[in-house]
Amino acid sequence: MNIQKKPLVNKSWLLIATIALFGIVIYAGNVMTINTSKITDIICLASFTFMPISSIVCAICFLIPLHSGITGVYIYGYAALMILFKSKKFKVKVFLPLLVIIMYELIMMMLVEASQFNYVIVYAVTVFLLLYIMNTEEVDPKVACVSYICGTFVLLACVFTTAIQNYSLEAVLEGAVRIGEYEGTEHVGRIAVVTENANAMAYYALVAIVIALNIMEKMKSYGKALLIAAIMFFTFVALFTVSRTFVIVLIAFLILNYLTTFKSKQKLTFLAVVIIALAIFIPYLQQRTQIFDAFTTRFEDDNLVTGAGRVDIFFDYMKFLWDNPMRLIFGTGAVFYKNVCKLSHSMHNGLQQIFVSYGALGFIPMVGILVNPILDFFKNNRFKIAKILPVLAVVLFTQTIQFLNPNNLMLPYAVAILCMKIPDTEATR
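Residues numbered from 1 in each chain as written. Predicted model: local features only at pLDDT ≥ 70, side-chain atom pairs only at ≥ 80, totals over all residues. Heavy atoms only, no water.

S.K.: Could you clarify how one ought to interpret the confidence of the model for the protein chain in this entry?
M.R.: As a general rule, the predicted coordinates of low-pLDDT regions are not to be interpreted in detail. For the protein chain, per-residue confidence averages 84 on the pLDDT scale, and residues scoring 70 or more make up 84% of the total. For the protein chain, helix H1 (residues 2-10) is the element with the lowest average pLDDT, namely 42, and helix H21 (residues 411-420) is the one with the highest, namely 96. pLDDT under 50 marks residues 186-190. Its contacts with residues more than four places away, or in other chains, come to three contacts. (pLDDT = per-residue confidence, 0-100. Helix = DSSP H or I, 4+ residues; strand = E, 2+ residues; numbered from the N terminus. Contact = heavy atoms within 4.5 Å.)

S.K.: Can you help me understand a nonpolar patch on the surface in this one?
M.R.: Residues Val73, Tyr74, Phe117 and Ile121 make up a contiguous nonpolar surface patch of about 370 Å² in total accessible area. Counting only elements with at least two residues in the nonpolar patch, the list comes to helix H5 (72-86) and helix H7 (117-135). Along the chain, the position of Ile121 falls in helix H7. Accessibility expressed as a relative area gives 34% for Ile121, which makes it partly exposed. (Patch = residues over 30% accessible without salt bridge, like charges linked within 9 Å, V, L, I, M, F, W, Y side chains within 5 Å. Areas by Shrake-Rupley, 256 points an atom, 1.4 Å probe, with all protein chains shown as cover. Salt bridge = Lys/Arg side-chain N within 4 Å of Asp/Glu carboxyl O. Buried < 20%, exposed > 50% of the residue type's maximum accessible area, 1.4 Å probe, protein only.)

S.K.: Is there a simple way to think about the nonpolar core in this case?
M.R.: Generally speaking, a soluble globular protein has its nonpolar side chains buried in company with each other. Formed by 126 residues in total, the largest nonpolar core has its most connected members in Phe48, Phe246 and Tyr413. When residues in this core are grouped by element, the largest group, 15 residues, is from helix H11 (residues 198-215). Discounting chain neighbours no more than four positions away, the residues touching Phe246 are Ala202, Ala205, Leu206, Ile209, Phe234, Thr235, Ala238, Leu239 and Phe397. (Core = buried A, V, L, I, M, F, W, Y, C linked by side-chain atoms within 4.5 Å.)

S.K.: I'm lost on the packing of aromatic side chains in this one. Help?
M.R.: Where two aromatic rings form a pair, the distance of their centres and the angle of their planes describe that pair. Per the stated rule, a full pass over the model turns up 17 aromatic pairs. Measuring from centroid to centroid gives 6.0 Å for Tyr317 and Tyr337, while their planes differ by 55 degrees, and the two rings are tilted. Here Tyr317, found in helix H16 (residues 310-323), pairs with Tyr337, found in helix H18 (residues 337-341); they are 20 residues apart in sequence, far enough to count as distant. Comparing Tyr317 with Tyr337, the two get one shared label, buried. Taken together, Phe95, Phe128 and Tyr132 form an aromatic cluster joined through their ring pairs. (Phe/Tyr/Trp six-rings, centres within 6.5 Å; stacked < 30°, edge-to-face > 60°.)

S.K.: What am I meant to see in the pattern of salt bridges here?
M.R.: One side chain can pair with another of opposite charge once the charged atoms of both are near each other. The full count for this structure, using the stated rule, is four salt bridges. The partner of Asp376 in a salt bridge is Lys93, with the nearest N and O atoms 2.6 Å apart. Residue Asp376 is found in helix H19 (residues 350-379), and its partner Lys93 is found in helix H6 (residues 92-111); the two are separated by 283 residues along the sequence. Look at Asp376 and you get partly exposed, because its relative accessible area is 22%.

S.K.: Please clarify how empty space enclosed by the protein should be interpreted in this entry.
M.R.: To locate leftover empty space, one rolls a probe as large as a water molecule over the atoms. Considering all chains together, one arrives at two cavities of 30 Å³ or more under this definition. Its volume calculated, the largest cavity comes out at about 110 Å³. Secondary structure elements with two or more residues in the lining of the largest cavity: H5, H6 and H7. Counting residues per element, the lining of the largest cavity draws most heavily on H7, at three residues. Reported here for the second largest cavity is a volume of approximately 70 Å³. In terms of lining, the second largest cavity is formed by Ile101, Tyr123, Val127, Leu130, Leu131, Met366, Ile369, Leu370, Phe403, Leu404 and Met410. Contributions of two or more residues to the lining of the second largest cavity are made by H7 and H19. Considering every element that reaches the lining of the second largest cavity, the biggest residue donor is H7, with four residues. (1 Å grid on protein atoms, 1.4 Å probe; cavity = no way out; pocket = protein on both sides within 12 Å on 5 of 7 lines; lining within 4 Å. Points joined across faces, edges and corners; volume = space filled by probe spheres on them.)

S.K.: I'm lost on the packing of H16 against H19 in this one. Help?
M.R.: What describes two packed helices is the angle between their axes and the distance between those same axes. Two elements in contact, H16 and H19, have axes separated by 11 Å at closest approach and are oriented at 20 degrees. Between H16 and H19, the interaxial angle falls into the category roughly parallel. Note on packing geometry: the crossing formed by H16 with H19 is left-handed. Counting all contacts with H16, which are made through Phe314, Tyr317, Met318 and Leu321, the residues of H19 involved are Gln352, Phe355 and Val356. For the contact of H16 with H19, the per-class residue count stands at six nonpolar, one polar and no charged. (Axes fitted to C-alpha atoms, helices over the stretch in contact; angles between N-to-C directions. Parallel < 35°, antiparallel > 145°, perpendicular 65-115°, else oblique. Left-handed = near helix turned anticlockwise from the far one by under 90°. Nonpolar A, V, L, I, M, F, W, Y, C, P; charged D, E, K, R; others polar.)

S.K.: I would appreciate a short explanation of H7 in the present structure.
M.R.: Since there are 3.6 residues in each turn of an α-helix, residues three or four apart along the chain are aligned in direction. A rise of 1.5 Å per residue sets the reference length of H7, with its 19 residues, at 27 Å; its end C-alpha atoms lie 27 Å apart and thus fit the reference within 8%. The element H7 is extensively covered by neighbouring structure, given that 14 of its 19 residues are classed as buried. (Expected span 1.5 Å × (residues − 1).)

S.K.: Looking at this structure, I do not really get the side chain of Thr398. What am I missing?
M.R.: Structurally, Thr398 can be placed in the loop between helix H20 (385-397) and H21. At 2.7 Å, the side chain of Thr398 forms a polar contact with the backbone oxygen of Val394. What Thr398 contacts, discounting residues up to four positions off in sequence, is Tyr203, Asn349, Gly350 and Phe403. (Polar contact = N/O pair within 3.5 Å; in protein donor to acceptor, adjacent residues only side chain to side chain.)

S.K.: Can you help me understand unusual backbone geometry in this one?
M.R.: Most peptide bonds are trans, and most residues other than glycine sit at a negative phi. Here Asn405 and Pro406 are connected by a cis peptide whose omega angle stands at 10 degrees. Relative to the helices and strands, Pro406 resides in the loop between H20 and H21. Positive phi is not limited to glycine here, since Thr33 has a value of about 50 degrees. Locating Thr33 in the fold gives a position in the loop between helix H2 (12-32) and helix H3 (37-48). The exposure class assigned to Thr33 is partly exposed, which follows from its relative accessible area of 29%.

This is the structure we're talking about:
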């Protein structure tokens, strides 16, 4: 552990420079709709080669929300290669599940006669990063969490700027546009701008907010001020995704953080900040935007009872499994599940996606892989609800979107696990 911390201090400048370069290049490319993927590839090759493992993982945490603007197969792949080359600890709980999952996905690929082997590679690399980050002691967890928050900031800045460019500030503020997916991608190349659908963007933002609240007490005054500003920015921009899940889960976790994370004096400060923020933003949003009308329309929508069709989609997939007993037992695989099921809509439930992908036989082992780092941590540490709030945020939100596929949605769970591991007695920075 001490071996890893020493180079982290000596080469922290390289991590900061790398994250800054990634952020500037990705944002500038987003504004100018220039394909910057080759530039980010070069930054990755130049920096990851000399970085210690902790810094590599922190850089990946920064890029998790920005994966649509990078060539993930190269950057994630090179990061995994450098981790394997530099790591002095090889855990069975990382490599055994990874090997089984890869073999399973390859078998499923052959059964459906799919030829996109590169999809399996990307999935395998992402699963490796998930397993490694969850189970490692070679990473500074607080720096990794701050890196993820910074990456989320760049994501929201990119998407909000693109929405203004494509429509207008007035249209965005009126709530007439659900910001997220950029419709001009086909004209500028597949990797040119940062794109996210509204729900995924709200997911990244929500996780960043909960993590920021969780680590706030471990920061100095200027760090606290920056986190408060980030939380306000994330909330403001994410509201324009008009995601009902975001609003519901955010309110729930603000209450949970208030009750479980802060001490008496901190509760008063937190309450004062929330009241001031609401006093400023609610009148502004009411007077200058129609975002509340957009949410009212969505909440009053006839399909709210079925979760915008999510309930119907859930039962369609369960019916497929019931009608195909072998798939019920062995699953479909995560990478090509839509090829197997032949259903037009993607799943919108993370746990169901695990069940459909790996069947009754693999569901419990897969859930066990995800839960095991939490159990290991609390074997040696006193249980606190505050510790698992970021993990709960990921779990709750992913019950309304996906988890395994798109594969990048798995990685915020690993960051939430890192957040759980930040020592309570760690000196503030």
